[in-house]
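Residues per chain, in single letters:
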Amino acid sequence: HRSIRLKGYCDPPLPSSPSSGPFPRGRPGSARSRPQSPRQRRPGKKRRRIRGPPTPDPSQPVPGPSRPANDDFAAAFNLGSGITTADSGSNLGATVEAGEPAPTAAASSWWRWTAPATANVGLNTLGRDYTSRLGVYRGRDVTALLALGFNDNTGGPQSRVVFSATVGETYYFAVGGALGSEGNI
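Residues numbered from 1 in each chain as written. Predicted model: local features only at pLDDT ≥ 70, side-chain atom pairs only at ≥ 80, totals over all residues. Heavy atoms only, no water.

### What to know about the pairing of strand E6 (residues 160-165)
Item 1. Residues of E6 alternate between two faces, with Val161, Phe163 and Ala165 buried on one and Arg160, Val162 and Ser164 left unburied on the opposite face.
Item 2. Pairing between strand E3 (residues 119-124) and E6: six bridges, direction antiparallel. In the sheet register, Val121 faces E6, and the bridge partner there is Phe163. (Buried < 20%, exposed > 50% of the residue type's maximum accessible area, 1.4 Å probe, protein only. Helix = DSSP H or I, 4+ residues; strand = E, 2+ residues; numbered from the N terminus. Pairing = 2+ DSSP bridges.)

### Brief notes about the pattern of salt bridges
Item 1. This model, assessed by the stated rule, comprises four salt bridges.
Item 2. A salt bridge links Arg67 to Asp72; the shortest N-O distance between them is 2.9 Å.
Item 3. Each member of the salt-bridge network shares a partner with another, and the members are Arg67, Asp71 and Asp72. (Salt bridge = Lys/Arg side-chain N within 4 Å of Asp/Glu carboxyl O.)

### Describing the environment of Leu123
Item 1. Within the element layout of this structure, Leu123 appears in strand E3.
Item 2. Note on Leu123: relative accessible area 18%, which makes it buried.
Item 3. Beyond its immediate stretch of four places on either side in the chain, Leu123 contacts Leu134, Val136, Ser159, Arg160, Val161 and Phe173. (Contact = heavy atoms within 4.5 Å.)

### Regarding the nonpolar core
Item 1. Counting 16 residues, the largest nonpolar core has Trp113, Phe163, Ala165, Tyr171 and Phe173 as the members making the most contacts within it.
Item 2. Broken down by secondary-structure element, the contributors of at least two residues to this core are strand E2 (109-114), E3, strand E4 (132-138), E6 and strand E7 (170-177).
Item 3. One finds Tyr137, Val142, Tyr172 and Ala174 within the second-largest nonpolar core, a separate group that totals eight residues. (Core = buried A, V, L, I, M, F, W, Y, C linked by side-chain atoms within 4.5 Å.)

### Observations regarding the environment of Gly122
Item 1. Considering the arrangement of structural elements, one finds Gly122 in strand E3.
Item 2. Not counting chain neighbours up to four residues away, the residues in contact with Gly122 comprise Val161 and Val162.

### Regarding the sheet that holds strand E5 (residues 146-152)
Working definition: the strands of a sheet are paired by backbone hydrogen bonds and lie parallel or antiparallel to each other.
Item 1. With mixed pairing, five strands are arranged side by side in an open sheet as E1-E2-E7-E4-E5. Each end of this open sheet is capped by a strand with a single partner; those strands are strand E1 (77-78) and E5.
Item 2. Both E2 and E7 contribute to a ladder of six bridges, which runs antiparallel. Bridge pairing in E7 places Trp110 opposite Ala174.

### Remarks on the packing of aromatic side chains
Item 1. One pass over the full model with this rule turns up eight aromatic pairs.
Item 2. Between Phe77 and Trp111 the ring centres are 6.3 Å apart and the planes differ by 80°, which places this aromatic pair in the edge-to-face class. Of the two residues, Phe77 sits in strand E1 while Trp111 sits in strand E2, which places them 34 residues apart along the sequence.
Item 3. Judged by relative accessible area, Trp111 falls into the buried class, the value being 5%.
Item 4. Relative to Tyr137, the ring of Trp110 has its centre 5.8 Å away and its plane inclined at 45°; by these criteria the two rings are tilted. With Trp110 in strand E2 and Tyr137 in strand E4, this residue pair connects regions lying 27 residues apart in the sequence.
Item 5. Judged by its relative accessible area of 0%, Trp110 is buried.
Item 6. For Tyr137, a relative accessible area of 2% corresponds to the buried category.
Item 7. Here the aromatic residues Phe73, Trp110, Tyr137 and Tyr172 are joined through ring pairs into a cluster of three or more. (Phe/Tyr/Trp six-rings, centres within 6.5 Å; stacked < 30°, edge-to-face > 60°.)

In structure tokens form, the structure reads like this:
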């Protein structure tokens, strides 16, 4: 969802005191105490023009949400090398990177993790609020990754992958949204 935030302004600001009513302050019966019609104004006073918000230019793109910091493979968040680790984030505003693997190439965010031991490792997006896609990869370049596992929904909108990790190897995880879904990871 994209939105435009526009601000109106009045310079100088108009008074906002509701207590003055239609009569400006002054002695009863004086010219200042009588209501003035919108067409009448005191000599020497200029009308204040209240300008509304600027009209957006339809030829310009509408600004969307900013991209997540880990939107690109090279900027994958480091999960370290702990046996148990967790992180959260969002794929709101994420893009498809050129060369990104097809299964997760849909508004994906990236993480990396170095295995502290050789073992089977489980990874999931349980608790997420949208239909997620989860991919596990090995490699140093987004265009030449080896896919080790992929899941698009494991009995619900979340995903789960189990893969064999080797001590000292770095693995990359991509979390994307099925059919362009976006939300919290």
